[in-house]
There are 2 protein chains.
Amino acid sequence: MEISLKIGVMRQDSRLSRMLHVLVHMSNATHPLTSEAIAKMLQTNPVVIRRTLAHLREEGFVESTKGHGGGWILSRSLDSMSLYDVYEAIGAPELFALGLSSDSPTCLIEKAANAALSKSLRQAEKTILSQFKAVKLSQIAKAARP
Amino acid sequence: MEISLKIGVMRQDSRLSRMLHVLVHMSNATHPLTSEAIAKMLQTNPVVIRRTLAHLREEGFVESTKGHGGGWILSRSLDSMSLYDVYEAIGAPELFALGLSSDSPTCLIEKAANAALSKSLRQAEKTILSQFKAVKLSQIAKAARP
DNA sequence: CCATACGTAACATTATAAGTTACGTGAAAG
DNA sequence: CTTTCACGTAACTTATAATGTTACGTATGG
């Protein structure tokens, strides 16, 4: 008898969540963290880690070094990084799962329906992004201390 | 030579958008609208229409009749239906494309990161849903009149 | 020179909305 | 009563993007 719990498969983009997690770990580390070690933390694959962290490196949030003793380190303080910064760094992925029926509808009704919907979503986007800007990673680190 | 424009494929859930569109059309119609006619409006397949409208029927927003002259009609006024009502009727689908890394993290840092993220998202959810509640379909219909 | 660790291309997997096919049921037209 | 229409629904396929995996190249420290 096999008791295999199929753990909640994510169909949503979890990169932001993962990067927040990693960055705080990095700030606690005294040595560079290897992709493999990070992958173990996040229960995923080293290549996935490298891929996503590469974006953060491009934005100057982390640095990577090769070879012995290499890995990933923070290049800025958690206090200088907001949730928004990380979100932007990974490419500002789509926030919403709801979409419009058509890009450029000719039907007036469709236009009006899309307008109503996107007005609400734009408003919510403002809410999210302003909250993202208001949260520094240092706050997360602080909240994680027992 | 074939010039086939691959029109923007939606990877997001467009059911809400589509249903808003359909319902307003229904309110203007003097006869029941067939799934096929609706599918043509929305540039999709009749079965997709029946599937989604079935939810609205269960909630008492529309009725369907079979056979000659059959199709879909509104059973309530657009003025009595909010965007939120439709959203709920189709099953209150996931609003956000961003997800958390794990359902029940044991890592304190992961917990803190997820908490920060979901706090923002919950706030945004409130924004969206309260806006959905504030918009009646009759407003969309009105906005669509030239 | 060898082990380590990132860089990256190429490919496989997965989940879900969406699309499609097929056939059943019921109702109106004749 | 038979035909046609239109919904009801099961079963299957498709599409897409994040995710996962394999493989190999490159740089670095010992």
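Rules used in this analysis
Residues numbered from 1 in each chain as written. Chains lettered and ligands numbered in written order. Predicted model: local features only at pLDDT ≥ 70, side-chain atom pairs only at ≥ 80, totals over all residues. Heavy atoms only, no water. Least-squares fit on C-alpha atoms with pLDDT ≥ 70 in both. Contact = heavy atoms within 4.5 Å. Buried < 20%, exposed > 50% of the residue type's maximum accessible area, 1.4 Å probe, protein only. Helix = DSSP H or I, 4+ residues; strand = E, 2+ residues; numbered from the N terminus. Arc of directions from axis to C-beta. pLDDT = per-residue confidence, 0-100. Phe/Tyr/Trp six-rings, centres within 6.5 Å; stacked < 30°, edge-to-face > 60°. Lys NZ or Arg CZ within 6 Å of the ring centre and 35° of its normal.

Superposing chain B onto chain A takes a rotation of 180 degrees plus a shift of 0.0 Å along the axis, which leaves an RMSD of 0.0 Å. Seen this way, the second copy is the image of the first under a two-fold rotation axis. A share of 100% of interface residues in chain B that are also interface residues in chain A marks the association as one of identical surfaces.

Attention now goes to helix 2 (residues 35-42) of chain B. Residues and elements named next belong to chain B. Ser35, Ile38, Ala39 and Leu42 are the residues of helix 2 that are buried. On an axial view of helix 2, the arc spanned by its buried residues comes to 100 degrees, and they lie on one face. Structural note: helix 2 exposes Glu36 and Lys40 on the side pointing more than 90 degrees away from its buried face. Where helix 2 is buried, its residues meet helix 1 (15-28), helix 3 (46-58) and strand 2 (71-74).

On average, residues of chain A carry a pLDDT of 89, and 92% of them reach 70 or more. Throughout residues 1-10 of chain A the model reports pLDDT below 50, and contacts reaching past four residues in sequence, or to other chains, amount to 4 contacts.

Moving on, we come to the packing of aromatic side chains. Aromatic ring pairs are reported here in terms of the distance separating the ring centres and the angle at which the planes meet. One pass over the structure, following the stated rule, counts 5 aromatic pairs over all chains. A centroid spacing of 6.4 Å and a plane angle of 40 degrees characterise the contact between Tyr84(B) and Tyr87(B), whose relative ring orientation is tilted. On the criterion of helical spacing, the pair formed by Tyr84(B) and Tyr87(B) is a turn pair, its members being 3 residues apart in helix 4 (residues 83-89). The class of Tyr84(B) is buried, set by a relative accessible area of 18%. An aromatic cluster is defined as three or more aromatic residues linked by ring pairs; in this entry it consists of Tyr84(A), Tyr87(A) and Phe132(A). Taking NZ or CZ as reference, Lys133(A) lies 4.6 Å from the ring centre of Tyr84(A), over its face.

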